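Spelled out from the first residue to the last, the chains are:
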Amino acid sequence: MKQIFIFSDSQKDSISYFEREPAILVSMNRSDLPYLKQEDFSEFPAVYVLIGGNKRYVGQAAGQTISQRLSQHFSKEDKGWVESVLFFARSDGKMSKADTDYLEKRLIQDFKEKSEYDLTNSTVGNTSYIDKLQKAKSNQLYETVFEIIDEIANIDLFGTSEDTNLSSSIISNSGLFEIEYDGHQVKNSSARGLLIDFVKAIIASGDYTDKIEEMIVDDEPTAGVILGRKLSTYNGRPNSAQVADGIWVYTNFSRKDTKRKIEKFANQLGFKYSIKWK
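Presented here is an overview of the structure given in this document. (Residues numbered from 1 in each chain as written. Predicted model: local features only at pLDDT ≥ 70, side-chain atom pairs only at ≥ 80, totals over all residues. Heavy atoms only, no water.)

**Describing helix α5 (residues 191-205)**
And step 1. The first and last C-alpha atoms of α5 sit 21 Å apart over 15 residues, in line with the 21 Å expected at 1.5 Å per residue.
And step 2. For α5, the set of buried residues is A191, R192, G193, L194, L195, I196, F198, V199, I202 and I203.
And step 3. For α5, the capping residue at the N-terminal end is S190, with a side-chain oxygen 2.8 Å from the backbone nitrogen of G193.
And step 4. The positive-phi residue at the C-terminal boundary of α5 is G206, with phi of around 75°. (Helix = DSSP H or I, 4+ residues; strand = E, 2+ residues; numbered from the N terminus. Expected span 1.5 Å × (residues − 1). Buried < 20%, exposed > 50% of the residue type's maximum accessible area, 1.4 Å probe, protein only. Polar contact = N/O pair within 3.5 Å; in protein donor to acceptor, adjacent residues only side chain to side chain.)

Dropping the structure here:
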C-alpha cells in the first residue's frame, strides 16, 4: 500500500508539499523563501529546478541546505528571471553528495532529451563515484518523485503536455474529441476544450444542479476538486476556465488526465456516456 501525504497552507504561502516514501517533493514561489525556512525540510539536501518563463535551471544542494542554496540564487542578478522552484529530497533528509550529483545529472539529461525549455545550466552536472546499491536507491527515489509529479501534483515538468493556454489544442485523429450522454453530444477539437464545453453544457442544462453544487468548493479549483468559485492561476497564468457565473473548472491536465477527469465527472453525476478519444 502506498501512503501519500500532501500539505499546502494557502493562507500563508504558496508552498505545496508532497510525500510518498522515500521521497518528498516541494513546489513553491520565489516569494515563499522566508516561509520555507520555517519548515524542517528546508534543512535537507535536495535536487531542484528553478523555473521562470521559458528558462529552467537544474541544481543541487549538497553540503548545505536547500534554503541556503536558494538564498544564494535569489541574491544574484542573473537569477532575476526565476519565478518558482520545484525540489525533491529523501523524506528522512539523508542524501549524500554522490546521490545529489547522480540525480542532478539524470534530471539535466532528461530536460535535454524531453524538453524544449531553455536550460541555462553551463555543464551536464558533476560526477561522483556511486556504487550499485546507492545508485539503485537513487533511481528508486527519482522514479517515486516522478510518480508524485505525474499522478499527484499534476505538474508538467518538461512541457510535453498540451500548452496551458486554453486556446491551444491537440487534435485527435478524427479531428474531434467527443462525448455522448443523455441523448446529447459535445464535441471539441481539443481535449481541454471538451472538458470545458462538457461541464458548461451540464451546468446550463439545470438537470444536475444539486449534484453540481455539492462538487464545488468555495475557493479555487484544484486537480483534485475541479470545480471552484474562484479563478485559479499558477505563476500568474490561468489554469482554470469559467464555465458559468461564479464557477471555474480546473484545466491544467495532460490529455490523458483530462479524459480521466471527464469520466470521473460523468460518473459522479451518475449517467451513462461514451467517449471518442483518439
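Having seen it, we continue.
**Some remarks on the packing of α5 against helix α7 (residues 255-269)**
How two helices pack is summed up by the angle between their axes together with the distance between the axes.
And step 1. Across the interface, α5 lies against α7 with an axial gap of 9 Å and an inter-helix angle of 15°. Considered as vectors, α5 and α7 are oriented roughly parallel to each other. Along this stretch, α5 crosses α7, giving a crossing that reads as left-handed. Contact with α5, carried on its side by A191, R192, L194, L195, F198, V199 and I202, involves R255, T258, I262, F265, A266 and L269 of α7 and no other residues of that element.
And step 2. When its residues are assigned to classes, the contact of α5 with α7 shows ten nonpolar, one polar and two charged. (Axes fitted to C-alpha atoms, helices over the stretch in contact; angles between N-to-C directions. Parallel < 35°, antiparallel > 145°, perpendicular 65-115°, else oblique. Left-handed = near helix turned anticlockwise from the far one by under 90°. Contact = heavy atoms within 4.5 Å. Nonpolar A, V, L, I, M, F, W, Y, C, P; charged D, E, K, R; others polar.)

**A word on the nonpolar core**
And step 1. Core analysis: the largest hydrophobic core is formed by 46 residues, its most contacted members being L25, F41, L70, V85, F87, F88 and L107.
And step 2. Those residues in contact with V85 that sit more than four places away from it in its chain are V26, S27, M28, Y48, V49, L50, L70 and F74.
And step 3. Ranked by size, the runner-up nonpolar core spans 31 residues in total, among them L194, I203, I216 and F265. (Core = buried A, V, L, I, M, F, W, Y, C linked by side-chain atoms within 4.5 Å.)

**Points about the layout of surface pockets**
And step 1. Each pocket or cavity is described by its volume, and for the second largest pocket that value is around 180 Å³.
And step 2. Lining the second largest pocket are 13 residues, and of these Y57, V58, E104, N121 and T123 lie nearest its centre.
And step 3. If one sorts the elements of the lining of the second largest pocket by residue count, strand β5 (residues 55-61) sits on top with four residues.
And step 4. Here the residues of the lining of the second largest pocket are counted per class, giving four nonpolar, seven polar and two charged. (1 Å grid on protein atoms, 1.4 Å probe; cavity = no way out; pocket = protein on both sides within 12 Å on 5 of 7 lines; lining within 4 Å. Points joined across faces, edges and corners; volume = space filled by probe spheres on them.)

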